[in-house]
Amino acid sequence: MNRYAVFHRPESCFAYPVAGDRLRVVLRVSAQDELDKVELLYNNKYDFTKKRYACQMDRCVTDGVFAYYMAEITLPDARFAYIFRITEKEKVFYYSEEGLSEEYLFQLAYYTFFQFPFINGADVMRVVDWTRSAVFYQIFVDRFFRGDHEKDDRYINTAWNGKIDRYSFAGGDLDGIANKLPYLCDLGVTALYLTPIFYSGSNHKYNVTDYTLVDPQFGTNEKLKRLLDSAHEKHLKIIIDTVFNHCDISHGIFKDVLEKGRDSEYYDWFLIDGDFPDTEKGNYAHFADCKYMPKWNTNNSEVRRYLIDIALEYLRMGFDGLRLDVADEISHEMWRQLRSEVKRQFPEALILGEIWHLNEPWLRGDQLDGVMNYKFQKILVDFFGAVPIKAEDAANRMNGLLLANTQQANAMALNFLDDHDTPRFLGLAGGNTDKLLCALCAMVMFPGMPCVFYGTELPLDGTGDPDCRKTFDWTFRDQREEYRDNFKNILALKKQMALSGAEAEIAEQDGILRISREAEGECVTAYFNTCGKAKALNAEGGGTLFALNYDGKMIFNNGAVVVKNKTVKNCGGKIS
């Protein structure tokens, strides 16, 4: 046994409560080790030295480097102590806080056992109920649809369906979104994610001048209220992109500091090197290399109070959640305070953060509910891209991603193929709509909330910003009926009970990627063949089975018995 691979840590993704009386425990070992048995020895921490219960742990998954054993224990007592007993070739090892040993002195176990001193209900992360079946649709407001033809449109400098650049204004607005709500419902969407809508001089509105005034290009606060009411009448949720990392240099508070320097009561609301901020030199913290976006000092309690009050006001307006821009550059204290106040007043509000890299520190139940799942997006790009990675590699990376966080955080991750900051997936897949549909299906099958970037249903193509932000072509001139039907059928999968939980079985099977979900007796399994040739498929079990190839077609079998010993073809889309 590779003793250096054995690892466990309490109060982490290796041991956490999934309910007030239920604990999930995970032990990591080397993927190459063939162990006879892994057991969890446990009891009330005050009785552990006298008596212990044993629970056999199942080898649940591998990420290619490590294997993971898992058990869920329903506890009669919230005070929990445990160690691991590992049997390899009939030889027994114990693993505790002291590490791996061949002997263990239970009389002195109170020094070295792993423990949860007390599982407090307030520390159990709860999944926001409506997110379990959510299908999101992200809208870049200026490019979706223009509904208000009475507004002052002198700002519009680009024809609809014309060439887009970084300074284009096309005219999309809130009325346009409201007009298209029936279309979105028909598509299978249940939640909208809007990019910023409040007053700003840009087309994207990420440099905010006024946090509570809807930008006149998009409408008015009254029109926003009508949009929210209309969406809710149709059982649609709406979350808003909030920009609390930075503002625009035209924001009133920053303007006061520009004028008064250190004499301004707001001087410490920003991070300034010198007596006065200099917008030419950029002698203050700002977003990226954008000197016109000064960064808020969220170490300052007054700044936190100001921004959190804005967040609460958005939720009072009727928004169902917050997407927090550049969440990883803002103080953890800000997010802890925001979560506490938001969840106390709006327990069903979703708190979602933009974090591109490793995100576990934000997902411990005291800050964010979930994140924009860029890690998962990259796996889809690599597996369905022009030079696909192997199914085994994709399965290992997906499993590793799920093990990196709690099942609650996984359930509230926002999974997507592309967004306003990335190239369109269609281009990354070499223009192949079949690969796009395959990736869409894998996204819907994966634990979390699937999110479609507006226009993917056409599909829209485009490289990075600004090309990925083209206007929506409402003529549908390039949309094929078969593509549209498959697109809608894939989104409809989310209605199945099996896809509402946080669990998934992901593996490589004879060169094919298999994703299976099961909940409350319902099972859905998908097979993805990207190897360029027909593969024999032995599919056993019950529930819904379908196979997806590069032609994007699906075969459904909804009976109690699914097809067996069939062939997944790379062309033709049939199991035959």
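Residues numbered from 1 in each chain as written. Predicted model: local features only at pLDDT ≥ 70, side-chain atom pairs only at ≥ 80, totals over all residues. Heavy atoms only, no water.

1. Topic: the sheet that holds strand E6 (residues 66–74)
Here's step 1: Across the sheet, which stays open at both edges, the 4 strands sit in the order E1-E2-E6-E5 with antiparallel pairing between neighbours. The open sheet has two edge strands, strand E1 (15–19) and strand E5 (58–62), and neither has a second partner. Geometrically, the sheet is characterised by an average inter-axis angle of 30° between neighbouring strands, direction not taken into account.
Here's step 2: Sheet topology places strand E2 (residues 22–30) next to E6; 9 bridges connect them, and they run antiparallel. Within E6, the residue paired with Leu23 across the bridge is Ile73. (Pairing = 2+ DSSP bridges. Helix = DSSP H or I, 4+ residues; strand = E, 2+ residues; numbered from the N terminus. Axes fitted to C-alpha atoms, helices over the stretch in contact; angles between N-to-C directions.)

2. Observations concerning the packing of helix H7 (residues 374–384) against helix H8 (residues 391–403)
Here's step 1: Following both chains from N to C, one finds H7 and H8 inclined at 175°, their axes separated by 10 Å at the closest point. Classified by the angle their axes make, H7 and H8 are roughly antiparallel. Only Ala391, Ala394, Arg397, Met398 and Leu401 of H8 make contact with H7, whose side of the interface consists of Lys375, Phe376, Lys378, Ile379, Leu380, Asp382 and Phe383.
Here's step 2: Class assignment for the residues of the contact of H7 with H8 results in 8 nonpolar, no polar and 4 charged. (Parallel < 35°, antiparallel > 145°, perpendicular 65-115°, else oblique. Contact = heavy atoms within 4.5 Å. Nonpolar A, V, L, I, M, F, W, Y, C, P; charged D, E, K, R; others polar.)

3. Observations regarding the side chain of Asp320
Here's step 1: Checked against the element boundaries, Asp320 lands in the loop between helix H5 (301–317) and strand E14 (321–324).
Here's step 2: Separated by 2.8 Å, the side chains of Asp320 and His232 make a polar contact.
Here's step 3: If near-sequence neighbours (up to four positions away) are discounted, Asp320 is found in contact with Trp130, His232, Leu236, Lys237, Ile238, Ile239, Leu315, Glu348, Ala349 and Leu350. (Polar contact = N/O pair within 3.5 Å; in protein donor to acceptor, adjacent residues only side chain to side chain.)

4. Quick look at the environment of Phe140
Here's step 1: Positionally, Phe140 belongs in the loop between strand E11 (136–139) and helix H1 (174–179).
Here's step 2: Relative accessible area serves as the criterion here: at 1%, Phe140 is assigned to the buried category.
Here's step 3: Taking the C-alpha atoms as reference points, Phe140 and Gly188, separated by 48 residues in sequence, lie 19 Å from one another.
Here's step 4: Look past the residues within four positions of Phe140 in its chain and what remains in contact with it is Thr195, Asn203, His204, His420, Tyr454 and Arg469. (Buried < 20%, exposed > 50% of the residue type's maximum accessible area, 1.4 Å probe, protein only.)

5. Some words on a negative patch on the surface
Here's step 1: The grouping of Glu392, Asp393, Glu508 and Asp510 at the surface amounts to a negative patch.
Here's step 2: Among the structural elements, Asp393 can be located in helix H8.
Here's step 3: Using a relative accessible area of 36% as the deciding quantity, one classes Asp393 as partly exposed. (Patch = residues over 30% accessible without salt bridge, like charges linked within 9 Å, V, L, I, M, F, W, Y side chains within 5 Å. Areas by Shrake-Rupley, 256 points an atom, 1.4 Å probe, with all protein chains shown as cover. Salt bridge = Lys/Arg side-chain N within 4 Å of Asp/Glu carboxyl O. Lys, Arg positive; Asp, Glu negative; His and termini not counted. Charge placed at Lys NZ, Arg CZ, Asp CG, Glu CD.)

6. Looking at the nonpolar core
When a protein is soluble and globular, its nonpolar side chains tend to lie buried together.
Here's step 1: Within the largest apolar cluster, 134 residues are counted, with the highest numbers of intra-cluster contacts made by Phe136, Tyr137 and Phe244.
Here's step 2: Per-element tally for this core: the top contributor is helix H11 (residues 433–445), with 10 residues.
Here's step 3: Once residues lying within four places of it in the same chain are set aside, the contact partners of Phe136 are Trp130, Ala191, Leu192, Tyr193, Ile239, Leu350, Leu414, Met449, Pro450, Cys451 and Val452.
Here's step 4: Counting residues in hydrophobic clusters, the runner-up holds 29 residues, among them Ala15, Tyr42, Tyr82 and Phe116. (Core = buried A, V, L, I, M, F, W, Y, C linked by side-chain atoms within 4.5 Å.)

7. Quick word on the pairing of strand E19 (residues 505–509)
Here's step 1: Here E19 pairs with strand E20 (residues 512–519) via 5 bridges, running antiparallel. Within E20, the position partnered with Ile506 by the bridge is Ile515.
Here's step 2: Between E19 and E20, which pair antiparallel one after the other, the connecting turn spans 2 residues, and Asp510 there sits at a positive phi close to 55°.

8. Things to note about the packing of aromatic side chains
Ring pairs (aromatic) are described by centroid distance and by the angle formed between their planes.
Here's step 1: Scanning all chains against the criterion turns up 47 aromatic pairs.
Here's step 2: On the numbers, 5.2 Å between centres and 85° between planes, the contact of Phe7 with Phe14 is edge-to-face.
Here's step 3: For Phe7, a relative accessible area of 24% translates into the label partly exposed.
Here's step 4: Centroid distance Tyr183 to Phe476: 6.1 Å. Interplanar angle 50°. Geometry classified as tilted. Taken together, the residues Tyr183 in helix H2 (residues 181–187) and Phe476 in the loop between strand E18 (449–453) and helix H12 (481–492) connect sequence positions 293 residues apart.
Here's step 5: Through a chain of ring-to-ring contacts, three or more aromatic side chains come together here, namely Tyr211, Phe244, Phe254, Tyr266, Trp269, Phe270, Tyr284, Trp296 and Tyr306.
Here's step 6: A cation sits over an aromatic face here: Arg28 above Phe66, 3.9 Å from the ring centre.
Here's step 7: The cationic tip of Arg52 hangs over the ring face of Phe106; the distance from NZ or CZ to the ring centre is 3.9 Å. (Phe/Tyr/Trp six-rings, centres within 6.5 Å; stacked < 30°, edge-to-face > 60°. Lys NZ or Arg CZ within 6 Å of the ring centre and 35° of its normal.)

9. A closer look at H7
Structurally, the α-helix is built with 3.6 residues per turn, so residues lying three or four positions apart point the same way.
Here's step 1: The element H7 is largely enclosed, with a buried count of 9 among its 11 residues.
Here's step 2: For H7, the full list of buried residues reads Tyr374, Phe376, Gln377, Ile379, Leu380, Val381, Asp382, Phe383 and Phe384.

10. Description of the sheet that holds strand E17 (residues 414–416)
Here's step 1: Spatial strand order, E16-E15-E14-E13-E12-E11-E18-E17: 8 strands in an open sheet with parallel pairing. Both outer strands of the open sheet, strand E16 (370–371) and E17, are each paired with one neighbouring strand and no more.
Here's step 2: Strand direction decides the pairing type here: strand E13 (residues 237–242) and E14, joined by 4 bridges, are parallel. Note on E14: the bridge partner recorded for Ile239 is Gly321.
Here's step 3: Most of the contacts of helix H6 (residues 332–345) go to strand E15 (residues 350–353), to which it runs at about 160°, and overall it touches E14 and E15.

11. A closer look at the confidence of the model for the protein chain
Here's step 1: Of all residues in the protein chain, 92% have pLDDT values of 70 or greater, and the mean over the chain is 91.
Here's step 2: This stretch, residues 550–576, has a pLDDT under 50; its non-local contacts, to residues over four places away or in other chains, come to 102 contacts. (pLDDT = per-residue confidence, 0-100.)

12. Quick look at the pairing of E1
Here's step 1: The buried fraction of E1 is high, at 4 of 5 residues.
Here's step 2: Bridging between E1 and E2 involves 4 bridges; their strand directions are antiparallel. The residue of E2 that forms the bridge with Ala19 is Arg22.
Here's step 3: The turn linking E1 back onto E2 is made up of 2 residues.

13. Focus on the pattern of salt bridges
Oppositely charged side chains may form a pair once their charged atoms are brought near each other.
Here's step 1: Per the counting criterion, the structure on display carries 41 salt bridges.
Here's step 2: Put simply, Glu39 and Arg85 hold a salt bridge, and the shortest N to O gap is 2.9 Å. Here the residue Glu39 occupies a position in strand E3 (residues 37–44), and Arg85 occupies one in strand E7 (residues 80–88), the gap between them amounting to 46 residues.
Here's step 3: Between Arg316 and Glu313 there is a salt bridge, with its nearest N and O atoms 3.4 Å apart. Here Glu313 and Arg316 lie together in helix H5, a separation of 3 residues that amounts to about one turn.
Here's step 4: Judged by relative accessible area, which is 48%, Arg316 ranks as partly exposed.

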